[in-house]
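Structural characterization, general
Chain by chain, the residues run as shown.
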Amino acid sequence: MQAGGGGAAAVTVVDHPLVQHKLTMMRDRDRSTKGFRELLNEIGMLLAYEVTRDLPLEAISIETPLQRMEGRQIAGKKLVLAPILRAGVGFLDGMLSLMPSARVAHIGLYRDPDTLQAVEYYFKSPSDLADRTVLVLDPMLATANSAVAAVERLKSRGAKDLRFVCLLAAPEGIARFQEAHPDVPVWTAAIDSHLNDHGYIVPGLGDAGDRMYGTR
Ligand code: PRP
Ligand code: URA
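Residues numbered from 1 in each chain as written. Chains lettered and ligands numbered in written order. Predicted model: local features only at pLDDT ≥ 70, side-chain atom pairs only at ≥ 80, totals over all residues.

**Brief notes about the environment of Val-119**
The residue Val-119 is located in strand 8 (residues 118-124) in this model. Measuring from C-alpha to C-alpha, the distance between Val-119 and Leu-109 comes to 5.3 Å, with 10 residues separating the pair along the chain. Among residues more than four places away in sequence, those in contact with Val-119 are Leu-109, Tyr-110 and Asp-112. (Helix = DSSP H or I, 4+ residues; strand = E, 2+ residues; numbered from the N terminus. Contact = placed C-beta atoms within 7 Å.)

As structure tokens, then:
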């Protein structure tokens, strides 16, 4: 299902029943830290399947036990997975299990609780971003300050082909992200109602990083 518009790249809502079922389990306030983490990992795999659906393929000649044939493989350089710390790391293992040779860029950002601005504390990425598809990972697109900053940073390092993958998005965050980066498509499992006065997604699932790491 696609949403949004206005000349910006598409927002795809991954409304697959498995994703929706697992997302509802994650939203439940009584879900354990272990359960939350496992579900995020599983949904990461399912989102990876959707976000890579249109990757270009190239022919490769191989030999089966019976004869030579022309198979297909993903063309070009390995993808880059770019989780925004901390919560984005929750998608990483699931995605790496499907794309084990992907490169990883770590982007350390936290949201200042008063200003809601993103503050960078760490950045490490492969140097050849210009030649690779980069999947930026963060479960929560709230004000989009973190997502906008992460994509800006990756673009300043040469990235040109970026995709943003999240679990929950607020309409306000989608609008802000599309305004800042109209060239970057978004995949999300759901678009929720709105942001509250503290910049939390409603109904949401609370603080994703805290729920993942048991730090609430
Ligand atoms: C959370 C979340 C996103 C960000 C989203 O991170 O994981 O990175 O907030 O909010 P935004 O769209 O308004 O920027 P947080 O700053 O709480 O850090 P954490 O992941 O380390 O807990
Ligand atoms: N970050 C979170 O972890 N949750 C929200 O609802 C908003 C930002």
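Back to the text.
**Points about helix 4 (residues 145-156)**
An ideal rise of 1.5 Å per residue puts 16 Å on 12 residues; helix 4 measures up with 16 Å between its terminal C-alpha atoms. Listed in full, the buried residues belonging to helix 4 are Asn-145, Ser-146, Ala-147, Val-148, Ala-150, Val-151 and Leu-154. Looking at the residues trailing helix 4, positive phi occurs at Gly-158, about 105 degrees. (Expected span 1.5 Å × (residues − 1). Buried ≥ 20, exposed ≤ 12 C-beta atoms within 10 Å, placed from the backbone.)

**As for the site of ligand 1**
Lining the immediate surroundings of ligand 1 are 23 residues, of which Ala-87, Arg-111, Thr-143, Ser-146 and Gly-209 lie closest. Contributions of two or more residues to the shell around ligand 1 are made by strand 5 (80-85), strand 7 (106-111), strand 10 (140-141), helix 4 and helix 6 (208-213). Per element, the largest residue contribution to the shell around ligand 1 is 3 residues, and it comes from helix 4. Counted by class, the shell around ligand 1 contains 13 nonpolar, 6 polar and 4 charged residues. (Near = placed C-beta within 6 Å. Nonpolar A, V, L, I, M, F, W, Y, C, P; charged D, E, K, R; others polar.)

**Overview of the packing of helix 1 (residues 17-27) against helix 2 (residues 33-51)**
The N-to-C vectors of helix 1 and helix 2 enclose an angle of 160 degrees; their axes lie 10 Å apart at closest approach. Viewed along their axes, helix 1 and helix 2 adopt a mutual orientation that is roughly antiparallel. As helix 1 runs across helix 2, the sense of the crossing is left-handed. Contacts between helix 1 and helix 2 involve Leu-18, Val-19, Lys-22, Leu-23, Met-25 and Met-26 from the former and Phe-36, Leu-39, Leu-40, Glu-42, Ile-43 and Leu-46 from the latter. Partitioned by chemical class, the residues of the contact of helix 1 with helix 2 number 10 nonpolar, no polar and 2 charged. (Axes fitted to C-alpha atoms, helices over the stretch in contact; angles between N-to-C directions. Parallel < 35°, antiparallel > 145°, perpendicular 65-115°, else oblique. Left-handed = near helix turned anticlockwise from the far one by under 90°.)

**Focus: the sheet that holds strand 12 (residues 168-169)**
One open sheet holds the 3 strands; their spatial order is 10-12-14, and the pairing between them is parallel. Both outer strands of the open sheet, strand 10 and strand 14 (190-191), are each paired with one neighbouring strand and no more. Alignment of strand 10 against strand 12, held across 2 bridges, turns out to be parallel. The residue bridging Leu-141 from the neighbouring strand is Ala-169, located in strand 12. (Pairing = 2+ DSSP bridges.)

**Focus: the pairing of strand 9 (residues 133-137)**
Among the 5 residues in strand 9, 5 count as buried, and that is most of the element. Covered by surrounding structure in strand 9 are Thr-133, Leu-135 and Leu-137 together with Val-134 and Val-136, the residues of both alternating faces. Both strand 5 and strand 9 contribute to a ladder of 4 bridges, which runs parallel. Bridge pairing in strand 9 places Leu-81 opposite Leu-135.

**Details of the nonpolar core**
Core analysis: the largest hydrophobic core is formed by 58 residues, its most contacted members being Ala-82, Val-136, Leu-141, Phe-164 and Val-165. The element best represented in this core is helix 2, accounting for 7 residues. Setting aside its immediate chain neighbours within four residues, Phe-164 contacts Val-136, Ala-147, Val-151, Phe-177, Val-184 and Val-186. (Core = buried A, V, L, I, M, F, W, Y, C linked by C-beta atoms within 7 Å.)

**Notes on the UniProt feature "binding site: 5-phospho-alpha-D-ribose 1-diphosphate" (unreviewed entry) in the protein**
When the UniProt feature table is mapped onto this chain, "binding site: 5-phospho-alpha-D-ribose 1-diphosphate" (unreviewed entry) is found at Arg-86, Arg-111, Asp-138, Pro-139, Met-140, Leu-141, Ala-142, Thr-143, Ala-144, Asn-145, Ser-146 and Asp-207. For Ala-144, a count of 28 C-beta atoms within 10 Å corresponds to the buried category. Setting aside its immediate chain neighbours within four residues, Ala-144 contacts Gly-173, Arg-176 and Phe-177. Looking at where Asn-145 falls in the secondary structure, it is placed in helix 4. Judged by the 22 C-beta atoms lying within 10 Å of it, Asn-145 is buried. (UniProt positions renumbered as here; feature names shortened; annotations may be inferred.)

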